[in-house]
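Tertiary structure, described
The chain contents come next:
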Amino acid sequence: MRIEDVYIWDINAKWLGISPLQLMENAGSGVARVIEERFGRGLKIAVFSGTGNNGGDGFVAARHLSFENEVTLFLVGDEAKIRSEEAKRNWEILGGLEFMEIKVLEDSSHVRSLDLSGFDVIVDALLGAGTKGEPREPIRSAIEKINEYAGKAKIVSVDLPSGYPSKVRVKADFAVTFQWDKEEYEGFERVVVKIGYPRELYHLVGPGEAKFALRKKGQHKGQNGKLLVVGGSGDYFGAPYLASKAASYLVDLVYLAMPEYSARRISDPDLILRPVEGDNFTPEHVEGLIELAGKVDAVVIGPGLGLRGETKTFVREFIKRCEKPLVIDADGLKAVAEDLSVLRGKKFVLTPHAGEFRVLFGLSPEGSLREKAELAMEKAKEIGGVILLKGPYDIISNGKTWKYNKTGNRGMTTGGTGDVLAGIVGALLALGNEPLRAASVGAFLNGLAGDMVKEELGENFTALEVAKKVPHAAKWVEEF
Ligand SMILES: NC(=O)C1=CN([C@@H]2O[C@H](COP(=O)(O)OP(=O)(O)OC[C@H]3O[C@@H](n4cnc5c(N)ncnc54)[C@H](O)[C@@H]3O)[C@@H](O)[C@H]2O)[C@@H](O)CC1
Ligand SMILES: [K+]
């Protein structure tokens, strides 16, 4: 697990209704449990807390330990700086307890004059994962004070030795860290305690990854994604339009390439139209479109292309030569189904529903969520890319792991919502996201936009409404 994943899990846990207060309770009680299991009860224990959530875990640990030990809590820093709601709440609880000694050490002179002899265990909850740079006063003095007792008292750090990764850090016997060992942690012994995240979180897509995926990259036009959408034919212009429209809310530029006959129906100042000659795409268009693809960060190909032989050949020739990440959707899927080898070495997302999945792989996804997910994962591994299998729960796999998405509703069986999805996934690829994340977050945002439309209109709506809700869904994620 990386620290970024921990933040994602936290946000998704909150979305599932697991509060930060619950997590803090489990963290602090886990620390207390490990201490009593290792060192017994009836001990004299000093707990050093800072003003962040690491300190909050310390408040909780102190309360749990106080039941059968003699506990002194040292708050290092200004009480008014205790930041989070959950840390404040636990601090207030301590204020009402008679059987725990509490000392506030606001500056380093208070810290330096401390005598800790007689304590069996020192709990270090000064700084945790929120540490920025070298420890500053008065925390720094507290770290030095604790280290004077290394070897004399047992020193247990909460999450990580305070000061880490700086060299000025607590010399802990071990740290109690939460739920998983983090890849970034090294050079100290760790005991892992679980704090109540359900297994769900390994697979469920939520606002956590969406927040990361939507982060803007730069201040200048064009730095936040350029997308090319290739679609449309004879009479079909709605599908590529919907994909482009949805994407246009998320990236700086969207080029929409479509046959001139259907391109004539579109006038939308948010899109850059690139009509090609004729009623349908043919292999003659490959050269020009590859050149256009050179200007963008990602490509969506498929919506409304139709199923003419020459168009399917065009799709395969284009994919073979395209060097940008691709979303292949709708009729594009039927074209690649005839020769999956064109996908070799490409970075791509396929977005089939169950029927298209069968056309691609000759098998229908059936059974439980897990069974379907395992099939999608097997096929994603075979083709070396990402599959987003659309359904009541969308399943996303890159062949190594799988995710599922629960947002969305029955109203979304209306035509065109798949095109909106392809556009969003393309936009997220253009923003620089890996295909697994782009596909997962795309499914989440598309479903969320659909749920927001349902809130207003009930279950009878159209795909254009879903596309227009994309910025609202993105705002919701940002504010969550
Ligand atoms: N899911 C989670 O995120 C959970 C987090 N928990 C705890 O929360 C901790 C992270 O909490 P926070 O993000 O509040 O961060 P911290 O508690 O690590 O520290 C942030 C505080 O320290 C100050 N600070 C930062 N760098 C400093 C420095 N170099 N010198 C002096 N002061 C400095 C900041 O101004 C801030 O007040 C974790 O380590 C863990 O102990 C647990 O409650 C369990 C759940
Ligand atoms: K710590």
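Residues numbered from 1 in each chain as written. Chains lettered and ligands numbered in written order. Predicted model: local features only at pLDDT ≥ 70, side-chain atom pairs only at ≥ 80, totals over all residues. Heavy atoms only, no water.

In the region of ligand 1, 24 residues are neighbours, and Asp10, Asn54, Asp57, Gly128 and Asp159 sit closest. At 2.8 Å, a side-chain N or O of Arg83 approaches an oxygen atom of ligand 1. With respect to ligand 1, the backbone of Glu134 contributes an N or O atom lying 2.9 Å from a nitrogen atom. For the shell around ligand 1, the per-class residue count stands at 9 nonpolar, 8 polar and 7 charged. (Near = heavy atom within 4 Å. Polar contact = N/O pair within 3.5 Å; in protein donor to acceptor, adjacent residues only side chain to side chain. Nonpolar A, V, L, I, M, F, W, Y, C, P; charged D, E, K, R; others polar.)

Let us now look at the sheet that holds strand 4 (residues 121-125). The sheet built from 7 strands is open, its strands ordered 3-2-1-4-5-6-7 with parallel pairing. Edge positions in the sheet fall to strand 3 (101-105) and strand 7 (190-193), since each of these pairs with one other strand and no more. On average, each strand axis in the sheet is tilted by 20 degrees relative to the strand beside it, whichever way the strands run. Of the strand pairs in this sheet, strand 1 (residues 44-49) and strand 2 (residues 70-76) are connected by 6 bridges, and their pairing is parallel. Residue pairing in the sheet places Ser49 in a bridge with Leu75 of strand 2. Seen against the sheet, helix 4 (residues 85-95) touches strand 2 and strand 3 and runs at an angle of roughly 125 degrees to strand 3. (Pairing = 2+ DSSP bridges. Helix = DSSP H or I, 4+ residues; strand = E, 2+ residues; numbered from the N terminus. Axes fitted to C-alpha atoms, helices over the stretch in contact; angles between N-to-C directions. Contact = heavy atoms within 4.5 Å.)

Distances from the potassium ion (ligand 2) to its protein donors, namely Asn54 (OD1), Asp124 (O), Leu127 (O), Val158 (O), Leu160 (O) and Ser162 (OG), fall within the range 2.7 to 3.1 Å. Geometry at the potassium ion (ligand 2) is irregular, judged from the 6 donor atoms that bind it and their angles of 69 to 176 degrees at the metal. Donor residues for the potassium ion (ligand 2) sit on one chain with the sequence pattern N-x69-D-x2-L-x30-V-x1-L-x1-S. Pair noted here: Asn54 is in helix 3 (residues 53-66) and Leu160 is in the loop between strand 5 (154-158) and strand 6 (174-178), with a separation of 106 residues, a long-range link. You can call Asn54 buried: its relative accessible area is 8%. (Donors = N, O, S within 2.8 Å, 3.2 Å for Na, K, Ca; no water. Tetrahedral: all angles 85-135°; square planar, octahedral: opposite > 155°, others 65-115°. Buried < 20%, exposed > 50% of the residue type's maximum accessible area, 1.4 Å probe, protein only.)

What follows covers the side chain of Ser84. In this structure, Ser84 sits in the loop between strand 2 and helix 4. Separated by 3.1 Å, the side chain of Ser84 and the backbone nitrogen of Ala87 make a polar contact.

A full pass over the atoms with the stated rule returns 27 salt bridges. The partner of Asp5 in a salt bridge is Arg2, and the shortest N-O contact between them spans 3.2 Å. With a relative accessible area of 16%, Asp5 lands in the buried category. The residue Glu68 makes a salt bridge to Arg41 at a minimum N-O spacing of 3.0 Å. Of this pair, Glu68 sits in the loop between helix 3 and strand 2 while Arg41 sits in the loop between helix 2 (20-39) and strand 1, placing them 27 residues apart in sequence. The partly exposed category is assigned to Arg41, whose relative accessible area is 49%. Shared partners join several salt bridges into a network, and the residues in it are Glu36, Arg41 and Glu68. (Salt bridge = Lys/Arg side-chain N within 4 Å of Asp/Glu carboxyl O.)

The next thing to look at is the sheet that holds strand 8 (residues 226-230). Spatially, 10-9-8-11-12-13-14-15-16 is the arrangement adopted by the 9 strands of the open sheet, whose pairing is mixed. The strands lining the two open edges of the sheet, one partner per strand, are strand 10 (272-276) and strand 16 (402-405). Each strand of the sheet is rotated relative to its neighbour by a mean of 15 degrees, with strand direction disregarded. As judged from the 5 bridges shared by strand 9 (residues 253-259) and strand 10, these two strands associate in the parallel manner. For Pro259, the partnering residue across the bridge sits in strand 10 and is Val276. Where helix 11 (residues 286-293) meets the sheet, it contacts strand 8, strand 9, strand 10 and strand 11 (298-301), and its direction lies at approximately 160 degrees from that of strand 8. Against the sheet, helix 16 (residues 417-430) engages strand 8, strand 11, strand 12 (326-328), strand 13 (348-350) and strand 14 (386-389), with an angle of about 165 degrees to strand 11.

With that settled, consider the environment of Gly345. Looking at the secondary structure, you find Gly345 in the loop between helix 13 (331-337) and strand 13. You can call Gly345 exposed: its relative accessible area is 84%.

In short, shape yes, function no, at least from these values alone.
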